[in-house]
Amino acid sequence: MKQKMAQIHEPRTLPYQHANPPEALADIVVNDAIPTDERVWVPQAENVWFRPLCLNISQGYWTNLLRVRRAGVLACHRHPQPVHGFVLKGRWRYLEHDWEATEGSYVFEPPGETHTLFVPPDVEEMITFFQVNGVMYYTDPWGNNTGYEDVFTKVAMCRAHYSKVGLDECYVDQFIR
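Residues numbered from 1 in each chain as written. Predicted model: local features only at pLDDT ≥ 70, side-chain atom pairs only at ≥ 80, totals over all residues. Heavy atoms only, no water.

Novice: Can you walk me through the pairing of strand S8 (residues 106-109) in this structure?
Specialist: Regular strands show a simple pattern: their side chains alternate between the two faces of the sheet. Residues Val107 and Glu109 point to one face of S8 and are all buried, whereas Tyr106 and Phe108, pointing to the other face, are not buried. In terms of strand pairing, strand S5 (residues 83-89) meets S8 through four bridges, oriented antiparallel. Bridge pairing in S8 links Gly85 to Val107. (Buried < 20%, exposed > 50% of the residue type's maximum accessible area, 1.4 Å probe, protein only. Helix = DSSP H or I, 4+ residues; strand = E, 2+ residues; numbered from the N terminus. Pairing = 2+ DSSP bridges.)

Novice: Would you explain the side chain of His77 in this entry?
Specialist: Relative to the elements of secondary structure, His77 occurs in strand S4 (residues 72-79). Here the side chain of His77 touches Ala75 through a polar contact of 2.7 Å, landing on its backbone oxygen. (Polar contact = N/O pair within 3.5 Å; in protein donor to acceptor, adjacent residues only side chain to side chain.)

Novice: What is the right way to look at unusual backbone geometry in this model?
Specialist: What is expected of a backbone is that most residues other than glycine have negative phi and most peptide bonds are trans. The phi dihedral of Asn47 falls on the positive side, at around 65°, and the residue is not glycine. Mapped onto the fold, Asn47 is located in the loop between strand S1 (42-45) and strand S2 (48-56). Despite not being glycine, Asp168 shows a phi value in the positive range, around 80°. When you line up the elements, Asp168 lands in the segment after helix H2 (151-164).

Novice: Any chance you could explain the environment of Phe86 here in plain terms?
Specialist: Looking at the element boundaries, Phe86 is found in strand S5. For Phe86, a relative accessible area of 37% translates into the label partly exposed. A sequence separation of 20 residues divides Phe86 from Tyr106, and the C-alpha atoms of the two residues are 4.5 Å apart. Leaving out residues up to four positions away in the same chain, Phe86 has contacts with Gly104, Ser105, Tyr106, Thr128 and Phe129. (Contact = heavy atoms within 4.5 Å.)

Novice: Looking at this model, I keep getting lost on the packing of aromatic side chains. Mind explaining?
Specialist: Both the distance between ring centres and the angle between the ring planes are used here to describe each pair of aromatic rings. If you walk through the whole model with that rule in mind, you get six aromatic pairs. Between the aromatic rings of Tyr162 and Tyr171, the centroid separation amounts to 4.9 Å while the plane-to-plane angle is 75°, which identifies the pairing as edge-to-face. By relative accessible area, Tyr162 is classed as buried at 0%. The side chain of Arg67 reaches across the aromatic face of Trp49, ending 4.6 Å from its centre. Stacked on the ring of Phe50, the Lys or Arg Lys154 has its end atom at 3.8 Å from the ring centre. (Phe/Tyr/Trp six-rings, centres within 6.5 Å; stacked < 30°, edge-to-face > 60°. Lys NZ or Arg CZ within 6 Å of the ring centre and 35° of its normal.)

As far as function goes, none of this settles anything; it's purely spatial.
Below, the structure written as structure tokens:
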């Protein structure tokens, strides 16, 4: 019986023996996800930056780290598709809700959610991982459209920023799938 158990467990260490489909996209591994090079952070608003991790242009979503230093606000916006977040550092809340997301918190934002992200003045730095599907539709407090962001505007923001800070606009290509 022990012989059979060893045979059952041993194949788990054997890697898959066939090639992946040639059409399969390459993996993305970002070893320095919270970068020490400040140039990697792309400015989004006053005291607000993002660091791209995956910009999936074929499925219309992006993952990034959102960083806010000192007090900061990410303008009122609506999500027509779900958003997932995980707080890595600091804390924040939405002006429209009574809960607060703290270090280690997971946040699910359902489709149709409209909110204004707020980082309190006593938080030196907030970093949250977000996966955003579709578009962020910016509004004023009464729901009037003031702009939008999608994966394509994120790519354009990255290209312009990386070109400006000397990383080359192609730096963003490693995150595009």
